[in-house]
Amino acid sequence: DQQVKQNSPSLSVQEGRISILNCDYTNSMFDYFLWYKKYPAEGPTFLISISSIKDKNEDGRFTVFLNKSAKHLSLHIVPSQPGDSAVYFCAASPSYNTDKLIFGTGTRLQVFP
Amino acid sequence: NAGVTQTPKFRILKIGQSMTLQCTQDMNHNYMYWYRQDPGMGLKLIYYSVGAGITDKGEVPNGYNVSRSTTEDFPLRLELAAPSQTSVYFCASSYSWDRGHSGNTIYFGEGSWLTVV
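Enquirer: Talk me through the layout of surface pockets; I want residue IDs and the actual numbers.
Expert: The volume enclosed by the largest pocket comes to roughly 370 Å³. Val87(A), Phe89(A), Arg108(A), Gln37(B) and Gly40(B) are the residues nearest the centre of the largest pocket, which is lined by 21 residues in total. For the lining of the largest pocket, the secondary structure elements donating two or more residues are strand S9 (86-94) and strand S11 (107-112) of chain A together with strand S9 (87-94) of chain B. No other element matches S9(B), which puts three residues into the lining of the largest pocket. Across the lining of the largest pocket, the residue classes tally to 11 nonpolar, seven polar and three charged. One number sums up the size of the second largest pocket: a volume of about 250 Å³. If you go around the second largest pocket, you meet 16 residues; those closest to its centre are Pro44(A), Thr45(A), Tyr107(B), Phe108(B) and Gly109(B). At the level of elements, strand S5 (45-51) of chain A together with strand S10 (107-108) of chain B are the ones that each hand at least two residues to the lining of the second largest pocket. Residues that form the lining of the second largest pocket fall into these classes: eight nonpolar, six polar and two charged.

Enquirer: Residues and numbers for the state of the cysteines, please.
Expert: This structure, assessed with the given rule, holds two disulfides over all chains. Sulfur-sulfur distance for the disulfide between Cys23(A) and Cys90(A) comes to 2.1 Å. Handedness of the Cys23(A)-Cys90(A) disulfide follows from its S-S torsion of about -75 degrees: it is left-handed. Separated by 67 residues along the polypeptide, Cys23(A) in strand S3 (residues 19-25) and Cys90(A) in strand S9 bring together distant segments of the chain. We note that Cys23(A), like Cys90(A), is buried. Disulfide pairing is shown between Cys23(B) and Cys91(B); the S-S distance is 1.8 Å. A torsion of -75 degrees about the S-S bond marks the disulfide between Cys23(B) and Cys91(B) as left-handed.

Enquirer: I'd like a description of the interface of chain B and chain A, backed by residues and values.
Expert: Counting residues at the interface gives 27 residues for chain B and 25 residues for chain A. Connecting chain B to chain A are zero salt bridges. At the boundary of chain B and chain A, one finds two residue pairs in polar contact (both at pLDDT 80 or more). For the side of chain B that touches chain A, the secondary-structure elements that each account for two or more residues are strand S4 (31-37) and strand S5 (43-51) of chain B. When residues of the side of chain B that touches chain A are assigned to their parent elements, the largest contribution, five residues, is made by S5(B). Considering only residue class, the side of chain B that touches chain A consists of 13 nonpolar, eight polar and six charged.

Enquirer: So what about the sheet that holds S3(A)? Which residues, and what values?
Expert: Residues and elements named next belong to chain A. With antiparallel pairing, five strands are arranged side by side in an open sheet as S1-S3-S8-S7-S6. Strands at the two margins of the open sheet, each flanked by one partner only, are strand S1 (4-5) and strand S6 (56-59). Pairing between S1 and S3: two bridges, direction antiparallel. Pairing of Val 4 across the sheet is with Tyr 25, part of S3.

Enquirer: I'd like a rundown of the packing of aromatic side chains, residues and numbers included.
Expert: Per the counting criterion, the structure on display carries 14 aromatic pairs over all chains. Here the aromatic cluster, defined as three or more aromatic residues joined through ring pairs, consists of Tyr36(A), Phe46(A), Phe89(A), Phe103(A), Tyr31(B), Tyr33(B), Tyr35(B), Phe90(B) and Phe108(B). Against the face of Phe74(B) rests Arg68(B), its NZ or CZ located 6.0 Å from the ring centre.

Enquirer: Describe the nonpolar core, naming the residues involved and giving the relevant values.
Expert: Residue and element names in this part refer to chain A. Judged by nonpolar contacts, the single largest core of 24 residues is most densely connected at Phe 33, Trp 35, Leu 73, Leu 75 and Tyr 88. At the level of secondary structure, the elements contributing two or more residues to this core comprise S3, strand S4 (30-38), S5, strand S7 (62-67), strand S8 (72-77), S9 and S11. Top contributing element to this core by residue count: S9, with four residues. Sequence-distant contacts of Leu 73, defined by excluding residues within four places in its chain, comprise Leu 21, Asn 22, Cys 23, Tyr 25, Phe 33, Trp 35, Val 64, Phe 65, Leu 66 and Cys 90.

Criteria and cut-off values
- Residues numbered from 1 in each chain as written.
- Chains lettered and ligands numbered in written order.
- Predicted model: local features only at pLDDT ≥ 70, side-chain atom pairs only at ≥ 80, totals over all residues.
- Heavy atoms only, no water.
- 1 Å grid on protein atoms, 1.4 Å probe; cavity = no way out; pocket = protein on both sides within 12 Å on 5 of 7 lines; lining within 4 Å.
- Points joined across faces, edges and corners; volume = space filled by probe spheres on them.
- Helix = DSSP H or I, 4+ residues; strand = E, 2+ residues; numbered from the N terminus.
- Nonpolar A, V, L, I, M, F, W, Y, C, P; charged D, E, K, R; others polar.
- Disulfide = S-S within 2.5 Å.
- Buried < 20%, exposed > 50% of the residue type's maximum accessible area, 1.4 Å probe, protein only.
- Contact = heavy atoms within 4.5 Å.
- Salt bridge = Lys/Arg side-chain N within 4 Å of Asp/Glu carboxyl O.
- Polar contact = N/O pair within 3.5 Å; in protein donor to acceptor, adjacent residues only side chain to side chain.
- Pairing = 2+ DSSP bridges.
- Phe/Tyr/Trp six-rings, centres within 6.5 Å; stacked < 30°, edge-to-face > 60°.
- Lys NZ or Arg CZ within 6 Å of the ring centre and 35° of its normal.
- Core = buried A, V, L, I, M, F, W, Y, C linked by side-chain atoms within 4.5 Å.

Written as structure tokens, this is what we have:
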């Protein structure tokens, strides 16, 4: 039972354009969400997070949007750069257990010149 | 600035063999975790620890054991390796999970590639 879903396994975007990565979740107890970025042969690194009390969080070129009613969040990267090419994981934390993150399956983003 | 260090990076095991994946962190984090990532899947939590002497099961603990005798070290033990344990293993650590700070999050090691044949 995949509680955090990333339905697009891959995404290809031209440099300078916007990249939009999507994530859906099923557990209404999730109230803290994070995005991680992973390069090949490296561990995931934290990118940006959002609490359920907000609907948007912005950090430089990265913005995360949360739609609680739809149980959907998205990561926007503007403008996209070739160095953004990586696998992006969405993760969620339930309010009843803050010690665990539930990860999605990841979306591979490729930014081409 | 080492962060989270895992060894070995690559290992091939025969079915039934045992081994220990080592993990150490130098950030004085009290929380430590072991995740596994199977091809095309997200990370699944195997075991975690909220401090020295305390461990707890995650989503997929079967076939593994852990110990936490010090704050820095969190080894993962495979007692009887099985092909289903072929995966990439990530150790991670964090401060107490302070959800109010977006920068306070889990830091991962580089991963250990394990193949059981």
